[in-house]
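# Descriptive structure summary
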Amino acid sequence: MITLTHYLVLSAILFSIALVGVLRRKNLLMLFFATEIALNAINIAFAAISKYYGDLTGQMFAFFVIAIAASEVAVGLGLLIIWYKRRGTIDLDSLQTMHG
Amino acid sequence: MEKYVLIALFAPLVGSLFAGAYAMKPKRLITGIVTSALLFVSFISSLILLFYLLKTEEVVRVKLFDWITTGSLTIPFGFVADQVSVIMMVTVTLVSTLVHVYSIGYMEHDKGFNRFFSYLSAFVFSMLVLVMSDNFAGLFIGWEGVGLCSWLLIGFWYYKKDEPRDVNPSISPSWAANEAFIMNRIADLGMLIGLFIIYWHIGSLDYKIVFAHVNLLDIAVITMMGVFLFIGAMGKSAQFPLHTWLADAMEGPTPVSALIHAATMVTAGVYLVVRSFPIYSQIPNIGFYIAALGAFVAVFAASMALVNTDLKRIIAYSTLSQLGYMFVAAGLGAYWVALFHLMTHAFFKALLFLGAGNVMHAMNDELNIFKMGGLYKVMRWTAIFMIIASLALSGIYPFAGFFSKDKILEVAFDSQHYILWFMLWVGAGMTAFYSFRLIMLVFFGEERYKKYGFHPHEAHWYMLAAMAPLALLAIVAGFFEEPFEEFVTQLLPEYHVHIHGILAVALIGLTTLMALSGIGLAVYKYSHGGFSPKWKETFIYKLLYNQYYIPVLYEKLFIEPYKELSKIAWKELDLRIVDATVDFIAGIIYKSGFAGRVVQSGNLSKMLRWMVIGLLILLVLVIVYSPVR
Amino acid sequence: MFEVVAFYLFAALTIVMFVITVTSKNALYAMSSLAAGMIFISAFFFLLDADFLGVVQIIVYSGAVMALYAFAMMFMDTTKEVKENNPPKKIVFFLSGMIALLLVLILLTPIISDKVKALYPMSDEIGNTEAVGIVLFTKYLVPFEVAAIMLLVAMIAGIILASKRMDESITLKIDQEIEQKGAE
């Protein structure tokens, strides 16, 4: 029998994978991918909780998360393209003009 | 009737704010007119309240809102128009309306014209808060408010430079303003302690509650209350030893001297004692002390006025002396007499000051009366007004001062304090002498001003018109003695003088004789060339002229040690300990910031790593602190 | 039984796909595996009776978002591999592993479920899509509209940012001027 805990653990594992991506990759595009994974991991948790408590609120949150993810992609990619046009690279280490 | 209370109270505030809006602008006549008009509105409202109270004997109370409510402490913004406060309201608003109108002319060439009216109206508002409040907290707000406005107005010409004390005894306007402010702070501390004692023992500051419960307290506690409240009154009413500020306060514009430092603010101390009569009537010993101090100041201040050459300082000493008279009456339990003298004094002293203002204007702000003389020819109306005021001040029948001052002497005699009576009697003679010395030196005799190249001229007609009602009141106010007594004794305790017949007539005669002989001496001496120059060499003259050396003594005794102490505190305590500690803490933070700056590499990857480390720590905390199930 | 099989199958698939995404050196591979992972995730939504959410997941992620990424990659030279100066693996794996461990530990503890009350209980009488519609357009109407506006703003921002002239933008010029001044 699959319980809520199964889903939540899966969600946690996926989130950790995303974390690895965020921490390890220096390619900005990869960072975006990793954030998408993280958001989806949370969506699974929301949907699972929604189901196991019989409450639609979780699904509602999942919808808004999707909306936010979509906006983030639109704006983020726009900025990424500008950056690429200016510097010819999407390496994270090139984004280092402000340092103490 | 409530609305009249509020109109009377807030019209001056509106005026002040209106004039204040133009504070930085060049002179606008409208500010003077609007503030005067609003004060007139306030005066009319006060009169309506007075007639209402006369007719119905019903006290009007207004509670605006709760100001402070914490725990058991509740202080409302409440105002009351009872017999005492309504008398004060009418006096204050009447004098201030006239002074406002007068000031339009007096300040016409001053660059701070708008600012002046803003301050002056703010003062009237504070004074009204002081007299109308129905609790000690509100009274204290007004008390501090008038202190602030007094500071602003004494130092109105703040840009004048300091001068040595032998050139100008009050050094400079800003110095005088600070002196007044600091002395009043010292006294206000006493008053505040008095209020604390009241609150501690009674649990309320409301007049009604305090006065209803005060007689249940221990006599020692009541004595403490009385003493500390009187310390506050001593500061505001410039009683010895806190008297030096009043003479120095003459550095302010003359209308200010007329309104604040003669007619209204300085009488606040008397008002406080009168208002707190249930406290003082429990402690006749303190009352006697107040009376004794008042009598002392009456003679002490009058003696300084005898020899002074400064037009305004003479009148200032005279104010001090008259305040002493009021305290004698209040201290001996004749509260209504004190209030009556307060009212009549407000009229004739304001008149005297405004007259002095005219003279100063005519003489280009020259104050030395030995440089004047013979001004009667050019300033007839001013001269007449000032003679009326001086006659009233000297207590000559039928002028206002006769009724009130004579009553005080009668009270002193009647309560068998013959020494006090004798002092006041001597004081009356001195008052008459210095008043007419001033009149003679300024308006009659040789025209000395021609030597100094002055071209005096009479003041504007509306300035004289503003003085006329005061002159009228200085003549007739005394005849209202009986209705006044009947009216205020509805609230204040009655005081009947038991002297009748021959003795009373003899006393009145004796006092009048003393005053007349003072006048006669002054007129005779100064129409025959004054005293010989040798007189100036005597020790007594020097002692009196230098105000008994009290300002110098204060400087040596308090100011200089304090200065030394401040220097030690600055150089040793502040620089070495406080500053060093603060610098040390700042140094630590600065250095740690410098060392920690490396963390801010600007690299997103590294920042993310820090963020994840933070997340990890938070998760550990979640597990550690999660509730045990 | 079907549910168990499906769950483990899709869980394994998703994890594999996402691991490929975060480890692949080629952006194109990464994107393809991400798209596949998204579709597998929608399978969980169907398993969880959230049909509408699953459909939205496929349409929005596999359809719109992935298309956006694809277009974005056309702007860049994706065949050229970004040389990555990767941080030490030990730290990364330690951090991620610890967080995964802790999260799992937290999640494994039983949740006191009787304290949770359903605000919008699901009912069997109406379908999921209908139920979602009712809740979304009553209780969550305002957030829904705000989200719509946010999407519009994001769309406009995306268009403006990616438009041709942006490589000589005002912000850029100021940036350069500042750099020049700093050099002087």
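Scope of this entry: the structure provided in the associated data block.

Parameters and conventions
Residues numbered from 1 in each chain as written. Chains lettered and ligands numbered in written order. Predicted model: local features only at pLDDT ≥ 70, side-chain atom pairs only at ≥ 80, totals over all residues. Heavy atoms only, no water. Phe/Tyr/Trp six-rings, centres within 6.5 Å; stacked < 30°, edge-to-face > 60°. Helix = DSSP H or I, 4+ residues; strand = E, 2+ residues; numbered from the N terminus. Buried < 20%, exposed > 50% of the residue type's maximum accessible area, 1.4 Å probe, protein only. Lys NZ or Arg CZ within 6 Å of the ring centre and 35° of its normal. 1 Å grid on protein atoms, 1.4 Å probe; cavity = no way out; pocket = protein on both sides within 12 Å on 5 of 7 lines; lining within 4 Å. Points joined across faces, edges and corners; volume = space filled by probe spheres on them. Patch = residues over 30% accessible without salt bridge, like charges linked within 9 Å, V, L, I, M, F, W, Y side chains within 5 Å. Areas by Shrake-Rupley, 256 points an atom, 1.4 Å probe, with all protein chains shown as cover. Salt bridge = Lys/Arg side-chain N within 4 Å of Asp/Glu carboxyl O. Contact = heavy atoms within 4.5 Å. Buried area = accessible area lost by both parts, 1.4 Å probe. Polar contact = N/O pair within 3.5 Å; in protein donor to acceptor, adjacent residues only side chain to side chain. Nonpolar A, V, L, I, M, F, W, Y, C, P; charged D, E, K, R; others polar. Axes fitted to C-alpha atoms, helices over the stretch in contact; angles between N-to-C directions. Parallel < 35°, antiparallel > 145°, perpendicular 65-115°, else oblique. Left-handed = near helix turned anticlockwise from the far one by under 90°. Expected span 1.5 Å × (residues − 1). Arc of directions from axis to C-beta. Pairing = 2+ DSSP bridges.

### Focus: the packing of aromatic side chains
Counted according to the given criterion, the structure contains 52 aromatic pairs over all chains. Each ring, one from Tyr-102 of chain B and one from Tyr-106 of chain B, has its centre 5.9 Å from the other, and the planes form 20°; the classification is stacked. Placement of the pair is Tyr-102 of chain B and Tyr-106 of chain B together in helix H3 (residues 83–106), with a separation of 4 residues, close to one helical turn. Residues Tyr-102 of chain B and Tyr-106 of chain B agree in their burial class; the two are buried. Their ring planes at 50° and their centres at 5.8 Å tell us that Trp-151 of chain B and Phe-181 of chain B sit as a pair that is tilted. Here the residue Trp-151 of chain B occupies a position in helix H5 (residues 136–154), and Phe-181 of chain B occupies one in helix H6 (residues 173–202), the gap between them amounting to 30 residues. By the ring-pair criterion, three or more aromatic residues cluster together here, those being Tyr-7 and Tyr-52 of chain A together with Phe-7, Tyr-8, Phe-10, Phe-40 and Phe-44 of chain C. For the cation-ring pair, Lys-27 of chain B lies above Phe-113 of chain B, with the distance from its terminal atom to the ring centre recorded as 4.8 Å. The ring of Tyr-159 of chain B has Lys-111 of chain B lying over it, and the distance from NZ or CZ to the ring centre is 4.5 Å.

### Re empty space enclosed by the protein
Residue and element names in this part refer to chain B. As enumerated under the stated definition, the model contains 2 cavities of 30 Å³ or more in all. Considering only enclosed or pocket space, the largest cavity measures out at about 50 Å³ in volume. Forming the boundary of the largest cavity are Ser-394, Gly-395, Phe-402, Lys-405, Asp-406, Leu-409, Ala-428, Thr-511, Thr-512 and Ala-515. Elements that contribute at least two residues to the lining of the largest cavity include exactly helix H17 (400–414) and helix H21 (501–527).

### Considering a nonpolar patch on the surface
Residue and element names in this part refer to chain B. Taken together, the side chains of Ile-617, Leu-618, Val-620, Leu-621, Val-624 and Tyr-625 define a hydrophobic patch exposed on the protein surface, amounting to about 610 Å² of accessible area. Take Val-620: it is sitting in helix H24 (residues 604–625). Residue class for Val-620 comes out partly exposed when judged on its relative accessible area of 37%.

### Quick word on unusual backbone geometry
All names here are of chain B. Look at the link from Phe-240 to Pro-241: it is a cis peptide, with omega at 5°. Looking at the element boundaries, Pro-241 is found in the loop between helix H8 (219–236) and helix H9 (244–248). Non-glycine residue Gln-547 carries a positive phi angle of around 55°. A relative accessible area of 8% places Gln-547 in the buried class. Although it is not a glycine, Tyr-548 sits at a positive phi angle of roughly 60°. Along the chain, Tyr-548 falls in the loop between helix H22 (539–545) and helix H23 (550–596).

### Quick notes on the environment of Ser-321 of chain B
All names here are of chain B. Along the chain, the position of Ser-321 falls in helix H14 (residues 311–331). In sequence terms Ser-321 and Ala-305 are 16 residues apart; their C-alpha atoms lie 9.2 Å from each other. Look past the residues within four positions of Ser-321 in its chain and what remains in contact with it is Val-297, Ala-298, Ala-301, Ala-302, Thr-431 and Tyr-434.

### Quick notes on the interface of chain A and chain B
Residue-level contacts link 12 residues of chain A with 10 residues of chain B. Roughly 970 Å² is buried in total at the junction of chain A and chain B, and carbon and sulfur atoms are behind 64% of that figure. Remark: the boundary between chain A and chain B carries 0 residue pairs in polar contact (both at pLDDT 80 or more). Broken down by element, the residue count for the side of chain A that touches chain B peaks at 3 residues, all from helix H1 (residues 4–24) of chain A. Here the side of chain A that touches chain B is built from residues that sort into 7 nonpolar, 3 polar and 2 charged.

### Quick notes on the packing of helix H16 (residues 380–394) of chain B against helix H19 (residues 461–476) of chain B
Residues and elements named next belong to chain B. For the pair H16 and H19, the least separation of the axes is 10 Å and the interaxial angle reads 30°. Classed by the angle they form, the pair H16 and H19 counts as roughly parallel. Pair H16 / H19 crosses with left-handed handedness. On the side of H16, the interface is formed by Trp-381, Thr-382, Phe-385, Ile-388 and Ala-392, while H19 contributes Leu-464, Met-467, Ala-468, Ala-471, Ala-474 and Ile-475. Of the residues that constitute the contact of H16 with H19, the class distribution is 10 nonpolar, 1 polar and no charged.

### Focus: the environment of Ala-41 of chain A
Residues and elements named next belong to chain A. Along the polypeptide, Ala-41 turns up in helix H2 (residues 28–53). For the pair Ala-41 and Ala-18, spaced 23 residues apart in sequence, the C-alpha to C-alpha distance is 8.6 Å. Discounting residues that sit within four places of it in the chain, Ala-41 has contacts with Ser-11, Leu-14 and Phe-15.

### Some words on H24 of chain B
Spanning 22 residues, H24 of chain B covers 31 Å between terminal C-alpha atoms, matching the ideal 32 Å at 1.5 Å per step. Along H24 of chain B, the positions that sit buried rather than exposed are Ser-605, Leu-608, Arg-609, Val-612, Leu-616 and Leu-619 of chain B. Within H24 of chain B, the buried residues cover an arc of 100° as seen down the axis, which keeps them to one side. Along H24 of chain B, exposed side chains directed more than 90 degrees from the buried face belong to Met-611, Leu-618, Val-624 and Tyr-625 of chain B. Buried-residue contacts for H24 of chain B involve H1 and H2 of chain A together with helix H4 (89–108) of chain C.

### A word on the layout of surface pockets
All names here are of chain B. Size it by volume and the largest pocket reaches roughly 820 Å³. If you go around the largest pocket, you meet 33 residues; those closest to its centre are Val-167, Asn-168, Pro-169, Glu-251 and Asp-310. Of all elements in the fold, only H14 and H23 reach the threshold of two or more residues within the lining of the largest pocket. Across the lining of the largest pocket, the residue classes break down as 13 nonpolar, 9 polar and 11 charged.

### Observations regarding the pairing of strand S2 (residues 73–81) of chain B
Residue and element names in this part refer to chain B. Judged from the 8 bridges that link them, strand S1 (residues 60–70) and S2 form a sheet pairing that is antiparallel. Bridged to Ile-68 within S2 is Ile-75. Taking the residues between adjacent antiparallel strands as the criterion, S1 and S2 are bridged by 2 residues, where Gly-71 takes a positive phi near 55°.

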